[in-house]
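Now for the letters of each chain:
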Amino acid sequence: MEIKERRQSDVVVLSPIGRVDNETSPIFQAKLLGTVGPAYAAVVIDFTEVEYISSAGLRAILMASKQSKATHGQLAVAALRPIVREIFDISRFSNIVPIFVTTAEAVAALG
Amino acid sequence: MLARFWGTRGSLPTPLGHAAVRGKVKAALTAANGRLFDSEAAVDAFIDRELPFSVRSTFGGNTSCVELVAGGDDYVLCDLGSGAREFGNALLARHGPGRKHRFHVFMSHLHWDHIMGFPFFTPAYIPGNEIRIYGCHRAMRDAFRQQQSAPCFPVDFRALGAAIEFIELEPGRPYEINGLSVRTILQNHAGDSYGYRFDKDGKTVVYSTDAEHKYGALDDSYPFVGFFRDADLLIFDAMYALADAISVKEDWGHASNIVGVELAHQAGVKHLVMFHHEPIYSDATLDKVLAETQRYEEISRAGARLVVSTAYDGLEIEV
């Protein structure tokens, strides 16, 4: 799985491409945990190009969220496609991680 | 085979309260909106076709007890939660106390909500009945005796009239019991629990409750995929939402609807029935969770369609 990375102000924006499922979630998880690792890291996951996320991908987000809180960082997700947003709602992950309509809004909030 | 659900609630019995009943009456009257019905059949048609399940009925509040009807004169049950009382009473109403029966009961584990129906299981009091209780826990006999002894209960276990036998099963070993091929699997739950796979005449029912799943990336190497493989019916503990099951309720020993769908898809299951409902969930919430889970099944489907339903006390599913 390809995951683009860019820095905007003091926020790291990760943009995975494709499906975050059983095959790709190990890559997604490794990248995510590596990015939220440093203290005070502010990270936005840009879901613009994500078609689907399975429980394995959601678990990775939860792990990153826990790690981020432990290191006084911030984590948010943004630009969810309607189907991905449905999965966040059905799994109640909407209650776990802040969701923004656009990546720009997320970056502004975290920056 | 046919699965008949006598108790479907998790953790503790959950009676429908007065406010919930009033809410259903109010919702039904609001839906009728002043309509006049010229017959009882018209009333029934309105109830069945125009009211959601959570308004016209209830998922029920008895704890785990599922009957498997697989032919023969003996009865087969999974767990003895408070639903066992309903089962026993229905049996006596149908046959009277004179007719003697043999029961085969498969225990997932010995937590209170799974054994609490036994002191109220009337056939246990009738001499001539035979009750064979199977399970993988060594402490089965002790658990049943302790809950039915002073000061917890007025009638001591030793006073029961039926012939009661506890039969310890070896996890993973296949058995032939009452014409059923039976296999067990160790599940992740405090004090351990066990799932059961029942095969007969090319049909398979799996009973897997009180089980937490902690896989990361799911593939066929996960033991439950093989255990659930091609099941016609999977009775699955879907007590929590995924976010709760892996965060605040991690290690509480229960699974989620999302994990149920993923496992069922991976294993080629035909029908997933959600079971062991969270006691704080109202009928409306359970209706909503069912609709969401059916939608998730649709979103995540890569192969054949998986039927998804929610168990309720009184539900029958034929496979």
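Quick caveat: nothing in here was measured; it's all calculated off a predicted structure.

Calculation notes
- Residues numbered from 1 in each chain as written.
- Chains lettered and ligands numbered in written order.
- Predicted model: local features only at pLDDT ≥ 70, side-chain atom pairs only at ≥ 80, totals over all residues.
- Helix = DSSP H or I, 4+ residues; strand = E, 2+ residues; numbered from the N terminus.
- Rg over C-alpha atoms; globule rule 2.2 N^0.38 Å.
- Buried ≥ 20, exposed ≤ 12 C-beta atoms within 10 Å, placed from the backbone.
- Axes fitted to C-alpha atoms, helices over the stretch in contact; angles between N-to-C directions.
- Parallel < 35°, antiparallel > 145°, perpendicular 65-115°, else oblique.
- Left-handed = near helix turned anticlockwise from the far one by under 90°.
- Contact = placed C-beta atoms within 7 Å.
- Nonpolar A, V, L, I, M, F, W, Y, C, P; charged D, E, K, R; others polar.
- Core = buried A, V, L, I, M, F, W, Y, C linked by C-beta atoms within 7 Å.
- Pairing = 2+ DSSP bridges.

**Q** Looking at this structure, I do not really get the overall build of chain A. What am I missing?
**A** Helix and strand content of chain A: four helices and seven strands. When the helices and strands of chain A are read in sequence order from the N terminus, they spell out β-β-β-α-β-β-α-β-α-β-α. Taken over the C-alpha trace, chain A has a radius of gyration of 12 Å; the compact-globule value for 111 residues is 13 Å, and the two agree within 12%. Counting all 111 residues of chain A, 45% fall into the buried class.

**Q** Any chance you could explain the packing of helix 3 (residues 82–90) of chain A against helix 10 (residues 283–300) of chain B here in plain terms?
**A** Two packed helices can be described by the angle between their axes and the distance between those axes. Viewed as axis vectors pointing N to C, helix 3 of chain A and helix 10 of chain B meet at an angle of 140°, and their least axial separation amounts to 10 Å. In terms of orientation, helix 3 of chain A and helix 10 of chain B fall into the oblique class. Like other packed secondary-structure pairs, helix 3 of chain A and helix 10 of chain B cross with a definite hand, here left-handed. Facing helix 3 of chain A, whose interface residues are Ile83(A), Glu86(A), Ile87(A) and Ile90(A), helix 10 of chain B presents Glu292(B), Arg295(B), Tyr296(B) and Ile299(B).

**Q** Please explain the interface of chain B and chain A as it appears in this structure.
**A** Note: interface size is frequently given as the accessible area lost on complex formation between the parts. Opposite the 17 residues of chain B that make contact, chain A presents 18 residues. When residues of the side of chain B that touches chain A are traced back to their parent elements, those giving at least two are helix 8 (242–245), helix 9 (257–267) and helix 10 of chain B. Counted by class, the side of chain B that touches chain A contains ten nonpolar, two polar and five charged residues.

**Q** Would you mind going over the environment of Val36(A) with me for this structure?
**A** Relative to the helices and strands, Val36(A) is located in helix 1 (residues 25–36). It is 9.4 Å that separates the C-alpha atoms of Val36(A) and Lys69(A), two residues lying 33 residues apart in sequence.

**Q** I tried to follow the nonpolar core on my own but got confused; where do I start?
**A** Considering soluble globular proteins, one finds that nonpolar side chains tend to be buried as a cluster. Within the largest apolar cluster, 114 residues are counted, with the highest numbers of intra-cluster contacts made by Val44(A), Val66(B), Leu77(B), Phe228(B), Leu234(B), Ile235(B) and Leu272(B). The element best represented in this core is helix 9 of chain B, accounting for six residues. When sequence neighbours within four positions are dropped, the list of residues in contact with Val66(B) reads Ala3(B), Phe5(B), Trp6(B), Leu77(B), Cys78(B), Asp79(B), Tyr207(B) and Ile235(B).

**Q** Just checking my understanding: could you explain the sheet that holds strand 14 (residues 316–318) of chain B for this structure?
**A** Residues and elements named next belong to chain B. Strand order in the open sheet formed by seven strands is 6-5-4-3-2-1-14, and the pairing between neighbours is mixed. Pairing within the sheet leaves two strands with one partner each, and these edge strands are strand 6 (163–168) and strand 14. Pairwise comparison of adjacent strand axes, ignoring direction, gives a mean angle of 20° for this sheet. Here five bridges tie strand 4 (residues 102–106) to strand 5 (residues 130–135), and the two strands are oriented parallel to one another. Each residue of the ladder has a partner; that of Phe106, found in strand 5, is Tyr134.

**Q** Even after reading the chapter, I still don't get the packing of helix 9 of chain B against helix 10 of chain B, so can you show me in this structure?
**A** Residues and elements named next belong to chain B. Orientation of helix 9 relative to helix 10, taken along the N-to-C sense of each, is 40°, at an axis distance of 10 Å. Considering their axes alone, helix 9 and helix 10 lie oblique with respect to each other. In this structure, helix 9 crosses over helix 10, and the sense of that crossing is right-handed. Mapping the contact onto sequence places Asn257, Ile258, Val261, Glu262 and His265 in helix 9 and Val289, Thr293, Tyr296, Glu297 and Ser300 in helix 10. Considered class by class, the residues forming the contact of helix 9 with helix 10 number four nonpolar, four polar and two charged.

**Q** Can you walk me through unusual backbone geometry in this structure?
**A** Note: most residues except glycine have negative phi, and most peptide bonds are trans. Along the chain, Ala150(B) connects to Pro151(B) via a cis peptide bond; the corresponding omega equals 0°. With respect to the helices and strands, the residue Pro151(B) is situated in the loop between helix 6 (140–147) and strand 6. Although it is not a glycine, His72(A) adopts a positive phi angle of roughly 60°. Note on placement: His72(A) falls in the loop between helix 2 (55–70) and strand 6 (74–78). Within the chain, Ser11(B) stands out as a residue other than glycine whose phi angle is a positive 70°. With respect to the helices and strands, the residue Ser11(B) is situated in the loop between strand 1 (2–7) and helix 1 (18–32). Overall, the presence of 20 C-beta atoms within 10 Å leaves Ser11(B) in the buried class.

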